[in-house]
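Coordinate analysis (summary)
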Amino acid sequence: MSVFDDPGHFGSYWADTYDQPGDLPDPEPAVEFLAGVAGDGPVLELASGTGRVTVPLAARGIAVEGVEGSAAMVAKMREKPGGDAIPVAVGDMADVPAPGGPYTLVFLVFNTLFNLVRAERQADCFRNVARVLKPGGLFVIETYVPNEADFDRDEQVRMRDVTETSATIRLHKYDRAAQTFLRQTITFDGTGVHLHPFAMRYLWPDQIDELAADAGLHLVERYADWDRTPFTSTSPSHISLYRLG
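A brief look at the structure comes next. (Residues numbered from 1 in each chain as written. Predicted model: local features only at pLDDT ≥ 70, side-chain atom pairs only at ≥ 80, totals over all residues. Heavy atoms only, no water.)

**What about the nonpolar core?**
Inside soluble globular proteins, nonpolar side chains tend to come together where they are buried. By size, the foremost hydrophobic cluster in this structure holds 36 residues, and its most contacted members are Leu46, Val106, Leu113, Phe126, Phe139 and Leu217. Not counting chain neighbours up to four residues away, the residues in contact with Leu46 comprise Val67, Met93, Val96, Val106, Phe107, Leu108, Cys125, Val129 and Phe139. Ala30, Phe33, Phe107 and Trp226 belong to the second largest nonpolar core, which has 20 residues in total. (Core = buried A, V, L, I, M, F, W, Y, C linked by side-chain atoms within 4.5 Å. Buried < 20%, exposed > 50% of the residue type's maximum accessible area, 1.4 Å probe, protein only. Contact = heavy atoms within 4.5 Å.)

Shown next as structure tokens:
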């Protein structure tokens, strides 16, 4: 199945290495922020993965549930202290097959909205989030802000790693009209050639606002990061809060 049609493709390739130190940002600022807006719960994380945010949020006594497309990712979360107690539905996050609810907060962090690589599925995600939120509930999204200057730089062959027994390179191919890219990470070693594909459909903040409005959600706050730094036209990322109703 193409990575453009498989919502669990990322976890299928990366579950075993996803939590390696240094590969991901510290989850604590996100956990602190989300705990502050969770209300009386329950809350739901879409694409909960290995529980990088879900598990420490639950450790604060907040009733947290998850939706995750990769059973391998969920298995990794179950290995963590407290991870086996968090209800998780394995399925496409655009369908929001939530195990409980309604929720005071639904959140989708670390650019994962863009893992829905079809425009219609991104729209489905917003509509289904609105369906499971309590009146006045929040949908919180973290994504990068696309920078077209990066596209040409990305479309070069990039060396990722070289050892005496292997070499890894990375390539991107952009479809600017569709706002998608396909990334291929290729490792050559003594056992052969290994391909690790990844795809995204990126959106600018105003396009995300339009998706939210179409689903009955309206923007109430936007920050440049989890520390509530003011968002400006030069911010490389944003944390956006949308309220139902």
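**Notes on the packing of aromatic side chains**
Taken as a whole and judged by the stated rule, the model has 10 aromatic pairs. When the ring of Phe151 is compared with that of Tyr174, the centres are 4.4 Å apart and the planes differ by 20°; the resulting orientation is stacked. One end of the pair, Phe151, is in helix 6 (residues 148–154); the other, Tyr174, is in strand 7 (residues 166–175), with 23 residues separating them in the sequence. Each member of the pair, Phe151 as well as Tyr174, is classed as buried. Ring geometry for Tyr202 and Trp204: centres 5.6 Å apart, planes at 80°, overall edge-to-face. Residue classification places Tyr202 among the buried residues on the basis of a relative accessible area of 1%. A relative accessible area of 24% places Trp204 in the partly exposed class. (Phe/Tyr/Trp six-rings, centres within 6.5 Å; stacked < 30°, edge-to-face > 60°. Helix = DSSP H or I, 4+ residues; strand = E, 2+ residues; numbered from the N terminus.)

**A short note on the sheet that holds strand 11 (residues 237–244)**
In spatial order, the strands read 3-2-1-4-5-11-10; together these seven strands make up an open sheet with mixed pairing. The open sheet has two free edges, formed respectively by strand 3 (88–90) and strand 10 (217–223), since each of these has just one partner strand. With strand direction ignored, the average angle separating the axes of adjacent strands in the sheet is 20°. Two elements, strand 4 (residues 103–108) and strand 5 (residues 133–144), share five bridges in a ladder whose sense is parallel. Among the inter-strand pairings, Leu108 is bridged to a residue of strand 5, identified as Ile141. The sheet strands contacting helix 7 (residues 205–214) are strand 5, strand 10 and strand 11, and the helix crosses strand 11 at an angle near 15°. (Pairing = 2+ DSSP bridges. Axes fitted to C-alpha atoms, helices over the stretch in contact; angles between N-to-C directions.)

**Side note on unusual backbone geometry**
With omega at 0°, the peptide bond leading from Gly41 into Pro42 counts as cis. Here Pro42 lies in the loop between helix 2 (28–37) and strand 1 (43–46). Of note, the bond from Gly101 into Pro102 is cis; its omega dihedral lies within 30 degrees of zero at 5°. Looking at where Pro102 falls in the secondary structure, it is placed in the loop between strand 3 and strand 4. Despite not being glycine, Phe110 shows a phi value in the positive range, around 55°. Mapped onto the fold, Phe110 is located in the loop between strand 4 and helix 5 (119–132). If you check the backbone angles, Asn111 has positive phi at about 70° while not being a glycine. Its location among the elements puts Asn111 in the loop between strand 4 and helix 5.

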